[in-house]
Amino acid sequence: MATFVNMIGSGVFMVSAALFFTRVVGLPLAQVGLGLGIAAGVGLFAGVPVGHLADRRGPREVYLWMLVIQGAAIALLVLVQSFWLVLVALCIGELARSAGGAARGPLVRGIGGAHLTRYRAYLRSVANLAGSCAAVVAGFAVQLDTRPAYLTLVMANALSFVASAAIIATLPSLAPVPAPPRANRWEVLKDRGYVAIAVLDGIMSIHHQVLLFALPLWIIGHTTAPRWLVGAAALVNTALVVLLQVRASRGVDDSASAGKAMRRSGVAFFVGMAAMAVAAGLPSWFALAGIVAGIVVHTIGELWHTAGSLELRFSLAPAHAQGQYMGLFGFGAGLANMVAPTVLALFCITWGVPGWLVLGGVFILAGLVTPYVVRWAERTRPTAEQPA
């Protein structure tokens, strides 16, 4: 429930943020993009230190504070009118978001218990369902296109963090797992195997922007497929994730099976991107069929990648340092989201069909390498696994 409420609020803000800042606050679009980019970059560095704090002080308590800070930062946007104050509010919000993600990891592990794999899959399905609902709600506000409508969306996002915190407060407090005497304060930075896995996962995480950023531009500018397919692509992707994420996660319950799932996802990304790429120049109905097939296969790769990624970030991290390890993994995924639009614009839009195939080949290579890196990471772990 906390995940659903949180994602509803975040979703309505993400859909309408650019319009709010330009039409209500009155900022130029260039400043909006600059502010969002700076805030995202600043937020990347909060995960590891706050994750470490959650390991030592308890994840529920730290996560609660981060939700409250996010709510306050978003509410502040209603009051500010200058670029610099907006930037301060956005940076505070992004710092709390990144830190909250790191603190949430140990909490998820503790609540999931013996059914962690299935529990994580349900959380992802719920998050995607919430995102779809948020898009519908935001659509009504955008249709009204009034100052009160946009202010309502922003305040709804702020209140969603408070509501989510109130729900989290009902969960039991989780005692920190004692660290072994030889454990290093920042041991995640010395765990070369885990760092390598985070890098590979970051590379593969670029796929999240393929359907959201590259495909709409590709459909409109390079194919004869109908334009309504732009919206349908997101609906198909979301529906498949909501319906199939739990099923796709079955059997992915240790590092070895997670590595294999990542390998399969790399192959699926290549096949799906190839199908979308060859739609260029085809007649309308053939282009439509190729793109739909590519969306389905790409989403299957997303399901496998999510299952493998979630398992690796937990199973390769010692129980006493889950927070700081989650923070490092979040840094890789966040950095991928920042560079993804530039990478996809260069490869898929500027380069065209060869670029789609080359980037798909990068995904295959990252997926094929992952099982070997997983085995190396298990052999070179800096500390022995502690019981949760």
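If you're wondering where the values come from, they're calculated on a predicted model, not measured in any experiment.

K.L.:
Kindly report on the side chain of Q245, identifying the contributing residues and their values.
P.N.:
Counting through the fold element by element, Q245 comes out in helix α10 (residues 229–249). The residues touching Q245, leaving out its near neighbours within four places in the chain, are A121, R124, S125, L240, L303, T306 and A307.

K.L.:
Would you mind going over the pattern of salt bridges in detail, with residue names and values included?
P.N.:
Per the stated rule, a full pass over the model turns up 5 salt bridges. A salt bridge links R120 to E311, with the shortest nitrogen-to-oxygen separation between them at 2.8 Å. Separated by 191 residues along the polypeptide, R120 in helix α6 (residues 116–144) and E311 in helix α12 (residues 284–315) bring together distant segments of the chain. You can call R120 buried: its relative accessible area is 5%.

K.L.:
Which residues make up a nonpolar patch on the surface, and what are the values?
P.N.:
Together, W65, V68, I69, V88 and I92 line one region of the surface with nonpolar side chains, adding up to about 450 Å² of accessible area. Among the secondary structure elements, those contributing two or more residues to the nonpolar patch are α4 (59–76) and α5 (83–112). Considering each element in turn, the nonpolar patch owes the most residues, 3 residues, to α4. Accessibility expressed as a relative area gives 45% for V88, which makes it partly exposed.

K.L.:
Break down empty space enclosed by the protein for me, with residues and values.
P.N.:
A full pass over the atoms with the stated rule returns 1 cavity of 30 Å³ or more. In this structure, the largest cavity occupies an estimated 30 Å³ of space. T117, R120, A121, Q245, S249, A307 and L310 together form the lining of the largest cavity. Among the elements of the structure, α6, α10 and α12 are those that each provide at least two residues to the lining of the largest cavity. In terms of residues, the lining of the largest cavity owes the most to one element, α6, which gives 3 residues. Its residues placed into classes, the lining of the largest cavity shows 3 nonpolar, 3 polar and 1 charged.

K.L.:
I'd like a rundown of a positive patch on the surface, residues and numbers included.
P.N.:
There is a patch of like positive charges on the surface, built from K260, R263, R264, R375 and R379. Counting residues per element, the ones that place at least two in the positive patch are α11 (255–277) and α14 (353–379). Along the chain, the position of K260 falls in helix α11.

K.L.:
Run through the confidence of the model for the chain, naming residues and quoting values.
P.N.:
Model confidence for the chain is summarised by a mean pLDDT of 88, while 96% of its residues fall at 70 or above. In the model of the chain, helix α3 (residues 47–57) stands out as the element of lowest mean pLDDT, 80, in contrast to α11, which has the highest, 96. In this model residues 384–388 is a low-confidence stretch, pLDDT under 50, and it forms 15 contacts with partners more than four residues away in sequence or in other chains.

K.L.:
Got a sec to walk through unusual backbone geometry? Specific residues and values, please.
P.N.:
Unlike most non-glycine residues, D145 shows phi in positive territory, near 55 degrees. Within the secondary structure, D145 sits in the loop between α6 and α7 (147–168). Under the relative-accessibility criterion, D145 is labelled partly exposed at 33%.

K.L.:
Pulling in residues and values, what's your account of the environment of F4?
P.N.:
Mapped onto the secondary structure, F4 falls in helix α1 (residues 2–25). Remark: the alpha-carbon pair of F4 and G131, spanning 127 residues in sequence, is separated by 8.5 Å. Look past the residues within four positions of F4 in its chain and what remains in contact with it is V126, L129, A130 and C133.

K.L.:
Account for the packing of aromatic side chains, naming residues and giving values.
P.N.:
With the rule as written, the count across this model stands at 9 aromatic pairs. Ring centres of F83 and W84 lie 5.1 Å apart, and the angle between their planes is 70 degrees; this geometry places the pair in the edge-to-face category. Overall, the relative accessible area of 12% leaves F83 in the buried class. Each ring, one from Y194 and one from F329, has its centre 5.6 Å from the other, and the planes form 70 degrees; the classification is edge-to-face. With Y194 in helix α8 (residues 192–204) and F329 in helix α13 (residues 322–351), this residue pair connects regions lying 135 residues apart in the sequence. Given the relative accessible area of 1%, Y194 is considered buried. Of the aromatic side chains, those joined through ring pairs into one cluster are F13, F20 and F21. In this structure, R264 is placed above the aromatic ring of W304, and the distance from its NZ or CZ to the ring centre is 5.0 Å.

K.L.:
Quick rundown of the nonpolar core? Include the residues and the values.
P.N.:
Grouped together as the largest cluster of nonpolar side chains are 54 residues, with contacts concentrated most on Y194, I197, L215, M273, I291 and W356. Listed by contribution, the elements that provide at least two residues to this core are α6, α8, α9 (210–222), α10, α11, α12, α13 and α14. It is α13 that provides the largest number of residues to this core, a total of 8 residues. Residues in contact with W356, not counting those within four places in the same chain, are V210, A214, L215, W218, M273, M276, A277, F347 and C348.

The rules behind these values
Residues numbered from 1 in each chain as written. Predicted model: local features only at pLDDT ≥ 70, side-chain atom pairs only at ≥ 80, totals over all residues. Heavy atoms only, no water. Helix = DSSP H or I, 4+ residues; strand = E, 2+ residues; numbered from the N terminus. Contact = heavy atoms within 4.5 Å. Salt bridge = Lys/Arg side-chain N within 4 Å of Asp/Glu carboxyl O. Buried < 20%, exposed > 50% of the residue type's maximum accessible area, 1.4 Å probe, protein only. Patch = residues over 30% accessible without salt bridge, like charges linked within 9 Å, V, L, I, M, F, W, Y side chains within 5 Å. Areas by Shrake-Rupley, 256 points an atom, 1.4 Å probe, with all protein chains shown as cover. 1 Å grid on protein atoms, 1.4 Å probe; cavity = no way out; pocket = protein on both sides within 12 Å on 5 of 7 lines; lining within 4 Å. Points joined across faces, edges and corners; volume = space filled by probe spheres on them. Nonpolar A, V, L, I, M, F, W, Y, C, P; charged D, E, K, R; others polar. Lys, Arg positive; Asp, Glu negative; His and termini not counted. Charge placed at Lys NZ, Arg CZ, Asp CG, Glu CD. pLDDT = per-residue confidence, 0-100. Phe/Tyr/Trp six-rings, centres within 6.5 Å; stacked < 30°, edge-to-face > 60°. Lys NZ or Arg CZ within 6 Å of the ring centre and 35° of its normal. Core = buried A, V, L, I, M, F, W, Y, C linked by side-chain atoms within 4.5 Å.

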